[in-house]
Amino acid sequence: MPQLKSLDELRALRQQLQRDVQARTAAATTITVGMGTCGIAAGAREVMSALLDDLAARGINAHVTTVGCIGMCSKEPLVDVKRGDDPKITYGNVNPTMVPRILDEHVADGRVVEDWVVARVAA
Amino acid sequence: MADQYRADLLVSCLHDRPPELLAALDAELAHRGLDKEIRVVKAGCRGWCAQGPVLHVQPDDTFYVGVQPADVPELVEETLVKGRVVERLTFRDPATRKRVHRYADIPSHRKQLRIALRNCGLVNPESIEEYIALGGYEALAKALSSMTPEQVIAEVKKSGLRGRGGAGFPTGRKWESARHAEGEIKYVLANGDEGDPNCFMDRALMEGDPFSIVEGMTIGAYAIGAHQGYIYLPFEYTLAARSLQAALRRARDFGLLGQDILGSGFDFNITLRLGARSFVGGESTAIMHAIEGKPSEPRAKHVHTTDKGLWERPTCLNNVKSWAIIPEIIVKGGDWFAEIGTERSKGTQVFSLAGKINVTGLVEVPMGTTIRQLVFDVGGGLPKKRYFKAIQIGGPSGGVLPAGLLDTPMDYETLAEAGSMMGTGGVVVMDDRTCVVDVARYFLDFLRDESCGKCSTCREGIRRMLDIMTGITKGQGSLADLDQLEQLAKVVQGVSLCGLGKTAANPVLSTLRYFRDEYETHIREGLCPAGVCRSLSRFHILETCSGCGLCVKACPEDAIIGEKKQAHMIDQDKCLRCGACREACNLDKIEIVSPQAIAMMPKPAVVAVKPAAAGRGR
């Protein structure tokens, strides 16, 4: 392990290490994947894996959590994005190929991907 | 280098437990292919001692108590795959009987403010990476790069921090004396030798967050100009020693301990010293003697240890909790800390709650929190809806305070005025079935064992007080004994050298002050109203007894007789006076009377007539 020689080096290391504990620190964005039986049957697991891989690749700090069936089974897999104080946006029939666009446009940039929105709940 | 996990499972209470729970979690996560996205973190104690093992799911903040290996498949399936809460494993609030899902919503947690224990249970104590990621070593870097030692001391003085070992000496002033003391070589010491029988906050801190102690000591060493530090802890604390040892090694690996720390040119090293756990051994000069290899006995402090301490050199000793608070003060500023607490007692205090209280374990609350808030809001009140009778604060030599003082704010001065002390923060809650005379006798017995014997007042005085107290609990006391007790207590308090002797009389003096009538009842009426002193209490079933038979089942000696649905009676010749029947009775139909009173009552005649009837159908 390299010896730390200055405050700047410590801060750079902290920046690097912070992703390791991000589940325990506050995040501006929470992404929730519907993982009831219906969601899993419709491919929510693959969506979850794609989300985690793509988030890591982009270095985005967001919490990813799971939730049970909310009753809109025909639109599963459902993915909610709650970005700061913005309304909660629910995307329906999400598949892994859609994940990069949601992350790049909505999570990173704040532009909702209107084509895939199925619900919108104000904060 | 860092992996990204979507959830962390913080598992506490693994101390001394078989590894099945962790193994079950690892196996279940691997089996479901979740081990790359969910991580199990071996965290330290978070104070939930009565409810362990506890498991905290982040980022959802779901909190589970009493988790067993058999619960793991359901827990993983429901919570981590489907995002649902396993209701039966959540915490049930004793006040409302309602389940609480999120950790942040648990009432006893909401009332707390954790500064010394800020990381306990939330980090892997062996990982310096996690400590740094969550803001660790920012304080040391700030002190070394932008503050002079005088500025560090000024900040600590401004914070108003007082020693958390119990005596409450202002930390900043101690540092200043050590800095100004003459001598090239100076030492800093961390005291982790807690000798109280029911205190374990120092252990929890050393096990759960060793880096904050190490960082705090390094800052202190920089401030007073020391280059060597020692952490003294009981050798019985094996996990704490291992955790600290690992922390020292990792800190050296990262250049945060040793030569030229953070490129500042400042050198500092820390060595662990293990001693035998004892009550008097936690006294500051006793620790210095122990580190020097001498018997751990205190000496008179005519010369301050900040002038001549360890090996006759200027030494700054602080409790591990004080050291752990220092980094927070440096990062957030002395003013931030000074805003918490009361006029003269700043910040927070860690209490270990024990006795007749629902939430036993470790809590940290702002100074000035009232006893009522501590017991009823944070501690969840007393179990079985029993009445609050008294509370002992400050460890075995703390005073016992009555229910009338429930609204007393807890800070150093107010507690001392009331006849108790802050001490180490050990708290024992007593209900109406606790005899305060017996409690005072019990603690005298403990202190007699722990007295090192150097001062005759402490060595002989405690023993003599114990003899008198034992006499009273056995019905051999007289009212003159009470005056003699008071006199003896004042001599022991006034003449003994160290904190042990000076405070040893607290339990006796405070109970005499607040519960004198209970002493007098013991002596005049030959009755222990709480039913604890066996020579002075007899159990008697009231005539309104419903005859439910619960007491019959509870009695280990088959001493209770009576027909079903008719009032029962106790055969006093068989009765052990254990009190099991009274605990079992839902209707409070068992009273305590004196041996003289029971002698006047009719003996249970049924004994001879229907001996077999008692057991039938039950």
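Residues numbered from 1 in each chain as written. Chains lettered and ligands numbered in written order. Predicted model: local features only at pLDDT ≥ 70, side-chain atom pairs only at ≥ 80, totals over all residues.

Novice: What is the right way to read the pairing of strand S3 (residues 79-83) of chain A from this model?
Specialist: Look at any regular strand and the pattern is simple: side chains alternate between the two faces of the sheet. Residues and elements named next belong to chain A. Sheet analysis places strand S1 (residues 29-34) next to S3, joined by five bridges and oriented antiparallel. Residue Thr32 lies in a different strand from S3, and its bridge partner there is Asp80. Note: S3 against strand S4 (residues 88-91), three bridges, orientation antiparallel. The partner of Val79 across the bridge, within S4, is Tyr91. Following S3, the chain reverses through four residues before pairing antiparallel with S4; Gly84 in that reversal takes a positive phi of roughly 55°. (Pairing = 2+ DSSP bridges. Helix = DSSP H or I, 4+ residues; strand = E, 2+ residues; numbered from the N terminus.)

Novice: When you look at the sheet that holds strand S7 (residues 187-191) of chain B in this model, what are you seeing that I'm missing?
Specialist: Hydrogen bonds between backbone groups are what pair the strands of a sheet, and the pairing can be parallel or antiparallel. Residue and element names in this part refer to chain B. Ordered in space as S9-S8-S7-S10, the four strands form an open sheet in which the pairing is parallel. The outermost strands of the open sheet, each flanked by one partner alone, are strand S9 (269-275) and strand S10 (315-319). Pairwise comparison of adjacent strand axes, ignoring direction, gives a mean angle of 20° for this sheet. Where S7 and S10 come together, five bridges link them in parallel fashion. If you follow Tyr187 over to S10, its bridge partner there is Thr315. Relative to S10, helix H12 (residues 320-332) is tilted by about 90°, and along the sheet it contacts S7 and S10. (Axes fitted to C-alpha atoms, helices over the stretch in contact; angles between N-to-C directions. Contact = placed C-beta atoms within 7 Å.)

Novice: Can you help me understand the sheet that holds S4(A) in this one?
Specialist: Residues and elements named next belong to chain A. Ordered in space as S2-S1-S3-S4-S5, the five strands form an open sheet in which the pairing is mixed. The open sheet terminates on both sides in strands that have one partner only, identified here as strand S2 (62-67) and strand S5 (117-121). Strand after strand, the sheet turns through a mean of 20° between neighbouring axes, direction not considered. The pairing of S4 with S5 spans four bridges and is classified as antiparallel. Across the sheet, Ile89 pairs through a bridge with Arg120, a residue of S5. In the packing of helix H4 (residues 99-107) onto the sheet, contacts are made with S1, S2, S3 and S4, and the angle to S3 comes to roughly 20°.

Novice: Explain the domain arrangement of chain B here, please?
Specialist: How big an interface is tends to be expressed through the accessible area that disappears when the partners come together. Residue and element names in this part refer to chain B. Along its sequence, chain B is organised into domain 1 (7-105), domain 2 (128-338), domain 3 (348-434), domain 4 (437-525) and domain 5 (537-615). Between the C-alpha centres of domain 2 and domain 4 there is a distance of 35 Å. With ten residues of domain 2 at the contact, the number on the domain 4 side is nine residues. Class assignment for the residues of the side of domain 2 that touches domain 4 results in six nonpolar, two polar and two charged. (Domains from an automatic or database assignment. Nonpolar A, V, L, I, M, F, W, Y, C, P; charged D, E, K, R; others polar.)

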